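Okay, here's what each chain looks like letter by letter:
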Amino acid sequence: MSSLSLAFAGTPDFAVPALDALARSPHRLLGVFTQPDRPAGRGRELKASPVKARALQLGLPVFQPENFKTAESRALLADLRVDAFIVVAYGLILPVEVLAMPRLGCFNIHASLLPRWRGAAPIQRAILAGDARTGVTLMRMAAGLDTGPMILHGDVDIGARDTAASLEARLADLGAGLLGEALTAV
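The text that follows walks through the structure, step by step, so that each part is easy to find. (Residues numbered from 1 in each chain as written. Predicted model: local features only at pLDDT ≥ 70, side-chain atom pairs only at ≥ 80, totals over all residues. Heavy atoms only, no water.)

Some thoughts on helix H2 (residues 50-57)
Among all positions in H2, only Val51, Lys52 and Ala55 are buried. Considered in projection along H2, the buried side chains sweep an arc of 100 degrees and stay on one side of the axis. Buried-residue contacts for H2 involve strand E1 (5-10), helix H1 (16-24), strand E2 (28-33) and strand E5 (62-63). Note on H2: the residue one or two positions beyond its end, Gly59, has a positive phi of about 75 degrees. (Buried < 20%, exposed > 50% of the residue type's maximum accessible area, 1.4 Å probe, protein only. Helix = DSSP H or I, 4+ residues; strand = E, 2+ residues; numbered from the N terminus. Arc of directions from axis to C-beta. Contact = heavy atoms within 4.5 Å.)

Structure follows, in structure tokens:
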């Protein structure tokens, strides 16, 4: 297996296990992209995302562009010259220019068995719909929302006592495992 140069994009707790998997891998993680700090709590003080907090603990460079609509924001990724860009619950739709930058492409871990529950809140939507099973899909990103060829998927049962939080934790770990499996195959 050859070592790849990677960048990662994610924001919430769901993305942290995948970030940890990349940090433990033999690949070079050159930068982490996450949403800008946002006001939180009663004092409305700026709060870092869970991904930013973990990336700083790992000593990784963190980038927080508002979006990738400007040349300056796109240059942050372009200057890293990565082989692949891994995206997990980042919260932004990437422009076509960004999708085309990495040599091998951009890859996304989505918290549903696509094409079911494409878009936002797939875990909550699966529970509300009474689905018996759900999972995660690792896919190559294309223009549009949760589109592109599916590479791997893994599924889990939704138990009667599952909440969005308990299911999210299981799916985050499952997604991190799929990412590790996919990168091992490269």
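Following the structure, the description resumes.
Considerations on the environment of Leu22
Note that Leu22 resides in helix H1. What makes Leu22 buried here is its relative accessible area of 1%. Residues Leu22 and Leu128, 106 residues apart in the sequence, show an inter-C-alpha distance of 32 Å. For Leu22, the residues in contact, after removing those within four places along its chain, are Leu6, Phe8, His27, Leu29, Ile86, Leu179 and Leu183.

Some details on the side chain of Asp83
As for its position among the elements, Asp83 is in the loop between helix H3 (71-78) and strand E6 (84-88). Side chain to side chain, Asp83 and Arg103 meet in a polar contact 3.0 Å long. Apart from the residues lying within four places of it in its own chain, the contact partners of Asp83 are Leu4, Ser5, Pro102, Arg103, Leu104 and Gly105. (Polar contact = N/O pair within 3.5 Å; in protein donor to acceptor, adjacent residues only side chain to side chain.)

Observations concerning the packing of aromatic side chains
Summed over all chains, the structure comprises four aromatic pairs. Pairing Phe33 with Phe85 gives two aromatic rings, centres 5.6 Å apart and planes at 75 degrees, and the pair type is edge-to-face. Of this pair, Phe33 sits in strand E2 while Phe85 sits in strand E6, placing them 52 residues apart in sequence. The class of Phe33 is buried, set by a relative accessible area of 0%. Classification of Phe85 by relative accessible area gives buried; the value is 0%. Consider the rings of Phe68 and Tyr90, whose centres lie 6.3 Å apart with planes at 55 degrees: the pair is tilted. Placement of Phe68 in the loop between E5 and H3 and of Tyr90 in the loop between E6 and helix H4 (96-99) is noted, with a sequence separation of 22 residues between them. Taken as a pair, Phe68 and Tyr90 share a single burial class, namely buried. Members of the aromatic cluster, each reached through a chain of ring pairs, are Phe33, Phe63, Phe68, Phe85 and Tyr90. (Phe/Tyr/Trp six-rings, centres within 6.5 Å; stacked < 30°, edge-to-face > 60°.)

What to know about the environment of Leu80
Relative to the helices and strands, Leu80 is located in the loop between H3 and E6. The class of Leu80 is buried, set by a relative accessible area of 19%. Linking Leu80 and Pro12, residues 68 residues apart in sequence, is a C-alpha distance of 23 Å. Excluding its chain neighbours within four sequence positions, the residues that come into contact with Leu80 are Ala7, Leu30, Gly31, Phe33 and Phe63.

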